[in-house]
Amino acid sequence: MTTDYDQIAKEYQASKLQPWRTHIERYTLLRLTGQVANLKSLDLACGDGYYTRLLRRLGANPVTGVDLSQGMIDLARAQETATPLGLQYAVGDATKLQLEADHDLVFAAYLLNYARTDAELLAMCEAIARHLKPGGRFVGVNNNPDDPPSNFDTGLVYGYSKKLTGQLEEGAPITWRFHLPEGTIEVTNYHLSIPTMERAMHAAGLENVRWHQPQVSPEGRQQWGDAHWLPFLQNTPITFFEATKR
Ligand SMILES: C[S@@+](CC[C@H](N)C(=O)[O-])C[C@H]1O[C@@H](n2cnc3c(N)ncnc32)[C@H](O)[C@@H]1O
């Protein structure tokens, strides 16, 4: 069952405040993205615009955010109204998107893990490729398909856990639970293996696919100590990647 983000938009926004989001997810993603000054950028599955705003603040311009959920885009627009950065937002399915083909950067945090089948994944990768100019970069993060189910409770110390229904096979639903002060929310994404993802990216014209391990920010190491982050780094629940448009 696909997660209805309209129902949990506010709570999902709150989940971005968990320290691992800042000190690992954000830190690693932004390092991987690198210099973005004046890069025409598209944030697919932008949610409430968390990374859309960060990319703009780092100098990317113009920046457009697209998400399937009206509730998430409402939150993004409310923040744009409160603090205008010149961002464009649209409600839409990333797979059907037809914007300009000349983006320097397509960014996607937790989009590809919403594909349930090879065909859906290919449609996502084709959409990414058709919005990039040759040589343009695709950068993102996903649920890590290589994270074994035996590790799914390791995240409790960081405020989340994962649950598998059935076997860890292609298309299997993986439910993330975020344990927040406001209560627990669940989002379900889908298991597709790393080779499946690489095949789809290559078929869509995305090459030099590289996978990256998480890194902890210096502030996170100082504040929490290295031992705190070790379980996350040993069996990482998320995986980072980059690719280039042929
Ligand atoms: C886990 S949230 C991540 C949001 C944001 N990227 C972030 O990191 O804060 C996943 C988002 O993907 C969106 N999404 C799922 N499938 C999509 C699709 N086919 N096209 C556009 N957005 C999609 C959901 O609506 C949701 O907002």
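Provided above is the structure to which this section pertains.
Let me sum up the structure you'll find in this document. Owing to the predicted nature of the structure, the values given are computational and were not obtained by experimental measurement.

## Structural notes on helix α5 (residues 118-130)
Point 1. Here α5 spans 18 Å end to end across 13 residues, near enough to the 18 Å set by a 1.5 Å rise per residue.
Point 2. By the burial criterion, the buried members of α5 are Leu 121, Met 124, Cys 125, Ala 127, Ile 128 and Ala 129.
Point 3. Next to the buried residues of α5 lie β1 (41-44), β4 (103-109), β5 (132-143), α6 (194-204), β9 (206-212) and β10 (238-245).

## Quick word on the sheet that holds strand β8 (residues 183-190)
Point 1. An order of β6-β7-β8 is seen for the 3 strands of this open sheet, with the pairing classed as antiparallel. The sheet is open, and its two borders are formed by β6 (160-164) and β8, each paired with just one other strand. Neighbour to neighbour, the strand axes of the sheet diverge by 25 degrees on average, direction disregarded.
Point 2. Both strand β7 (residues 173-180) and β8 contribute to a ladder of 8 bridges, which runs antiparallel. When the sheet's bridge partners are listed, Trp 176 is paired in β8 with Val 187.
Point 3. The strands touched by helix α1 (residues 5-15) within the sheet are β7 and β8, with β8 carrying the most contacts at an inclination of about 110 degrees.

## Observations concerning the site of the ligand
Point 1. Inspection of the region around the ligand gives 18 residues, with Lys 16, Ala 45, Asp 67, Ala 94 and Ala 109 positioned closest.
Point 2. Here a nitrogen atom of the ligand sits 2.6 Å away from a polar atom, N or O, in the main chain of Ala 45.
Point 3. Looking at the shell around the ligand residue by residue, the class counts come to 12 nonpolar, 3 polar and 3 charged.

## Re the side chain of Asp 147
Point 1. Among the structural elements, Asp 147 can be located in the loop between β5 and β6.
Point 2. Looking at Asp 147, the relative accessible area reads 2%, which means it is buried.
Point 3. In terms of polar contacts, Asp 147 uses its side chain to reach the side chain of Asn 151, at 2.6 Å.
Point 4. Other than its neighbours up to four places away in sequence, Asp 147 contacts Phe 152, Lys 162, Leu 168, Asn 235, Thr 236 and Pro 237.

## As for the packing of α1 against helix α4 (residues 70-82)
Point 1. It is the contact of α1 with α4, at a shortest axis distance of 7 Å, that shows an interaxial angle of 45 degrees. Classified by the angle their axes make, α1 and α4 are oblique. Every residue of α4 that contacts α1 at Tyr 5, Asp 6, Ala 9, Lys 10, Tyr 12 and Gln 13 is listed here: Gln 70, Gly 71, Met 72, Leu 75 and Gln 79.
Point 2. A per-class count over the contact of α1 with α4 returns 5 nonpolar, 4 polar and 2 charged.

Reading guide: rules and limits
- Residues numbered from 1 in each chain as written.
- Predicted model: local features only at pLDDT ≥ 70, side-chain atom pairs only at ≥ 80, totals over all residues.
- Heavy atoms only, no water.
- Helix = DSSP H or I, 4+ residues; strand = E, 2+ residues; numbered from the N terminus.
- Expected span 1.5 Å × (residues − 1).
- Buried < 20%, exposed > 50% of the residue type's maximum accessible area, 1.4 Å probe, protein only.
- Contact = heavy atoms within 4.5 Å.
- Pairing = 2+ DSSP bridges.
- Axes fitted to C-alpha atoms, helices over the stretch in contact; angles between N-to-C directions.
- Near = heavy atom within 4 Å.
- Polar contact = N/O pair within 3.5 Å; in protein donor to acceptor, adjacent residues only side chain to side chain.
- Nonpolar A, V, L, I, M, F, W, Y, C, P; charged D, E, K, R; others polar.
- Parallel < 35°, antiparallel > 145°, perpendicular 65-115°, else oblique.

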